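Next come the chains, spelled out residue by residue.
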Amino acid sequence: MNQLLHLEDVTKSFGRVTVAKDLTLSVSPGEALGIVGPNGAGKSSLFAMISGDLRPDSGAVWFEGRDVTDVPPHARTRAGIGRTYQVPRPFEHLTVFENVLVCGYQGAALKGKEAWQHTMGVLERTGLADLANTPAGRLGLLQRKRLEVARAVGTNPRLLLLDEVAGGLTEPEVLELVTMVKQLHAEGLGIVWIEHVVHALVKTVGRMVCLAGGDVVANGDPTQVLADPKVRELYLGGGPETDLPEEAAS
Ligand SMILES: Nc1ncnc2c1ncn2[C@@H]1O[C@H](COP(=O)(O)OP(=O)(O)O)[C@@H](O)[C@H]1O
Ligand SMILES: [Mg+2]
């Protein structure tokens with residue numbers, strides 16, 4: 001199997017709420033995949049099963065040809081899976097530099113000078129170099145989102161999972177974030193990006209999946225997925241953050 005990530009028949013329920021139902025999904029090395037779906041569709045739970053925070057009831061998660069279903073989160077990070085959380089979780093009292101340095105130490109097993117150089121490189125790549133000495137708790141929302149991505153990138157992943165990093169940003173800020181994610185993708189990182197701000201996805205990803213009821217509703221070219229009647233129905237019944245691009249909303 002030469003997939004970067006492969007989920008095979010993954011099922012997971014919380015009591016009567018099913019967040020994944022025989023879900024099968026693959027990501028190729030270096031691919032950028034976008035995931036959309038209504039609130040409660042199970043998108044963040046999917047990331048939790050990929051990162052190891054949540055164990056599926058049945059089915060398997062494969063990373064780079066290895067079954068990681070029973071591998072704990074810290075070992076998946078070391079193996080090359082980096083994730084952000086929907087609500088950023090920096091160490092508020094540490095500086096931006098220290099926050100990313102910790103991820104290099106713990107997530108990428110870097111030490112000493114190598115870890116410091118790596119951290120500076122990550123801050124450059126995520127547009128945070130000028131804020132290196134600022135405590136995370138003093139950052140505005142865009143910079144907090146950048147830091148959330150920087151902490152994931154700091155673990156040296158080959159697969160980067162982004163959970164609604166564009167949420168709550170202004171339009172120019174969203175575009176700044178898109179530029180950053182595209183740059184990371186151009187460097188060869190495989191990316192899976194869950195996002196309600198779908199135009200950001202359309203600008204960035206080569207393929208899109210729509211999840212609902214714990215399963216894949218549509219999968220393919222982003223513009224075609226957004227134009228799919230099943231997807232449009234889910235979104236027209238969706239929340240105020242629903243943001244279909246022109247071509248899909250016509
Ligand atoms: N740890 C948990 N325990 C119980 N229910 C949960 C847990 N995590 C998520 N859920 C429920 O699973 C459903 C899907 O949640 P989530 O994966 O966060 O959806 P999404 O990210 O697509 O909005 C929701 O109904 C949520 O309340
Ligand atoms: Mg979510």
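Heads up: the structure comes first, above all this text.
All values reported here derive from a predicted model rather than from experimental measurement.

Bringing the sheet that holds strand β6 (residues 81-83) into the picture now. Taking strand neighbours across the sheet as the criterion, the 6 strands line up as β6-β7-β8-β3-β9-β10 in an open arrangement whose pairing is mixed. In this open sheet, the two edge strands, each paired with only one partner strand, are β6 and β10 (215-220). Averaged over all neighbouring strand pairs, the angle between strand axes comes to 20°, with direction disregarded. Running at roughly 155° to strand β7 (residues 159-163), helix α5 (residues 141-153) makes contact with β6 and β7 of the sheet.

This part covers the site of ligand 1. Taken together, Phe14, Val17, Val19, Pro38, Asn39, Gly40, Ala41, Gly42, Lys43, Ser44 and Ser45 make up the full set of residues adjacent to ligand 1. Within the backbone of Gly40, an N or O atom sits 2.8 Å from an oxygen atom of ligand 1. Gly42 places a polar main-chain atom, nitrogen or oxygen, 3.0 Å from an oxygen atom of ligand 1. For ligand 1, whose unbound accessible area comes to 570 Å², protein coverage reaches 58%. Taken together, the elements giving at least two residues each to the shell around ligand 1 come down to β2 (17-27) and α1 (43-51). Element by element, the count of residues in the shell around ligand 1 is highest for α1, at 3 residues. Of the residues contributing to the shell around ligand 1, the split by class is 5 nonpolar, 5 polar and 1 charged.

On the surface, a cluster of negative charge is made up of Glu8, Asp9, Asp22 and Asp215. With respect to the helices and strands, Asp9 occurs in strand β1 (residues 5-14). Since its relative accessible area comes to 39%, Asp9 is described here as partly exposed.

The protein atoms that coordinate the magnesium ion (ligand 2) are Ser44 (OG) and Gln86 (OE1), at distances spanning 2.1 to 2.3 Å. Highlighted residues: Ser44 in helix α1 and Gln86 in the loop between β6 and α3 (96-108), separated in sequence by 42 residues. Owing to a relative accessible area of 26%, Ser44 belongs among the partly exposed residues under this scheme.

Calculation criteria
- Residues numbered from 1 in each chain as written.
- Chains lettered and ligands numbered in written order.
- Predicted model: local features only at pLDDT ≥ 70, side-chain atom pairs only at ≥ 80, totals over all residues.
- Heavy atoms only, no water.
- Pairing = 2+ DSSP bridges.
- Helix = DSSP H or I, 4+ residues; strand = E, 2+ residues; numbered from the N terminus.
- Axes fitted to C-alpha atoms, helices over the stretch in contact; angles between N-to-C directions.
- Contact = heavy atoms within 4.5 Å.
- Near = heavy atom within 4 Å.
- Polar contact = N/O pair within 3.5 Å; in protein donor to acceptor, adjacent residues only side chain to side chain.
- Areas by Shrake-Rupley, 256 points an atom, 1.4 Å probe, with all protein chains shown as cover.
- Nonpolar A, V, L, I, M, F, W, Y, C, P; charged D, E, K, R; others polar.
- Patch = residues over 30% accessible without salt bridge, like charges linked within 9 Å, V, L, I, M, F, W, Y side chains within 5 Å.
- Salt bridge = Lys/Arg side-chain N within 4 Å of Asp/Glu carboxyl O.
- Lys, Arg positive; Asp, Glu negative; His and termini not counted.
- Charge placed at Lys NZ, Arg CZ, Asp CG, Glu CD.
- Buried < 20%, exposed > 50% of the residue type's maximum accessible area, 1.4 Å probe, protein only.
- Donors = N, O, S within 2.8 Å, 3.2 Å for Na, K, Ca; no water.

Honestly, it's all geometry; don't read function into it.
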